Amino acid sequence: MYHYYRQDGVRWAYPLPYANVYSPYYRLLPRLSEQSLTFVLVHGAWADTSFWDGIAAELRQMGHTVYVPEYPGHGTDPNKNVTHAMLTKSIVDYMTARDLQDVVLVGHSFGGTLVQTTAQQIPDRLKRLVFWNAFVLNDGEMVADEFPPASQALFQQLREHSPDDTIMLPFSVFRETFVNLASLGMAEYIYSQISPEPAKPSYEKLDLKKFYTLATPRSYIYLTEDNVMPQFNSQYGWHPHMSNRLGLFRYIEGTGDHMTTAKTNPAMLAHKIYEAGRD
C-alpha cells in the first residue's frame, strides 16, 4: 500500500508506514530542489547499475543530471577476474570521456571505496563526495579488514569454494542483512537479480594517502535499519565507525535497510542524496 501525491509536477509514492512521516515534510518544502546538480552514482557489491533505476529517475525528475556507470565484473560483464584498480579506472575513464565537471560522486556500500580511489585521481572534477552506508577505508586497509571475524570466516570459505574467485551470499545471510525490511517475496526477487561478486577487489589493500589530503567536501548518509554491518559497535559498522574517518562531513540520516529501500522508497532516498550533495 502506498500514499501518493504530486508536487512541482512530480508524483511521490511512499509505503504507508512512511507516509505520515515524509509526506508533510515534503509538502512544506518551498521548492523540490534549490539547485541543479550533476550526480555520478556508484553501486556496491552484489549489484549493478539497475540498483539505481528508481533513485536516478527521481533525481532526474527533480531537475538533476544523473550518470550511472557500470564497472568491470558486474552487469553483463562475464569476466570476474578484476582488480580494484580496474574498477576505479573504469569510473575515471567514464567521467573523463564525458568531460564531467562539478560532480557529486555518490557511492553505496562497496562503492564508497571507489569514491575514495576515484577522488584521488580526478579531484578537480568533483564538487562533493557522498557516502551512503558505504565503506570509508583507512590508508592501507582492504574492505575485508572491516568485516567482523564471523563474516571474514564465512566470506573466506565461500571464496575458497568458488570456481572463479567470487563470493555468492547464501540467501539466508542476504535476507537477514541486505534486505531485512523486505517481505519474503521482495527478498527472493532482489536475490534473484544478484550474481556472484568478484572477491579480489575486497582483498586488496588500498593506498589512500592522497584521499586524506583532499579538501573536497563530503557527506555521509546513514539508513538506520541497515543490518549489513554490526549495529552499535565501536569496532565495526557504517556510522559512526567509518563515517567519522571523513573528518568534517555533513551527516544525513534516514530510515531503511541496505537494498530494499532503494526499490520501495526511491523518492525519499533521492531527496536524501540531494540534501547530501547540495551546497
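Refer to the structure printed above.
Within each chain, residues carry numbers counting from 1 in the order of the written sequence. The predicted origin of the model limits local features to residues at a pLDDT of at least 70 and limits the giving and counting of side-chain atom pairs to 80 or more, whereas totals for whole chains, interfaces and linings rest on all residues. Working from all heavy atoms in the structure, the side-chain values ignore hydrogens and water.

### Quick look at helix α2 (residues 53–61)
Here is step 1: Whether a residue is buried, partly exposed or exposed follows from its accessible area with a 1.4 Å probe, protein chains only, as a fraction of its type maximum: under 20%, in between, or over 50%, in that order. The way it works is that DSSP assigns letters per residue, a run of H or I at least four long becomes a helix, a run of E at least two long becomes a strand, and they are numbered from the N terminus. For α2, every residue scored as buried is listed here: Ile55, Ala56, Glu58 and Leu59. Summarising the axial view, the buried residues of α2 lie within an arc of 160°, below the 170-degree limit, and thus occupy one face.
Here is step 2: Note on α2: the residue one or two positions beyond its end, Gly63, has a positive phi of about 100°. Directions are taken from the helix axis to each C-beta atom, and the arc is the one they span.

### Focus on the layout of surface pockets
Here is step 1: The rule is simple: put a 1 Å grid over the protein atoms alone, call a set of points where a 1.4 Å probe fits but cannot get out a cavity, call an open set with protein on both sides within 12 Å along at least five of seven lines a pocket, and count a residue as lining if it has an atom within 4 Å of a point. Grid points are joined across faces, edges and corners, and a volume is the space filled by probe spheres set on the points. Of the volumes computed, that of the largest pocket is approximately 340 Å³.
Here is step 2: Lining of the largest pocket is provided by 25 residues; of these, Trp46, Phe147, Phe155, Phe178 and Val228 occupy positions nearest its centre.
Here is step 3: Looking at the lining of the largest pocket, the elements with two or more residues in it are α5 (149–160), α6 (171–177) and β8 (197–198).
Here is step 4: The leading source of residues in the lining of the largest pocket is α5, at three residues.
Here is step 5: Residue type decides the class: Asp, Glu, Lys and Arg count as charged, Ala, Val, Leu, Ile, Met, Phe, Trp, Tyr, Cys and Pro as nonpolar, and the leftover types, Gly among them, as polar. When grouped by side-chain class, the residues that make up the lining of the largest pocket number 19 nonpolar, five polar and one charged.
Here is step 6: Estimates place the volume of the second largest pocket at around 240 Å³.
Here is step 7: What lines the second largest pocket is a set of 18 residues, among which Trp46, Ala47, Asp48, Gln193 and Ile194 lie closest to the centre.
Here is step 8: Of the residues belonging to the lining of the second largest pocket, the class tally is eight nonpolar, six polar and four charged.

Everything listed is a geometric property; what it means functionally is a separate question.
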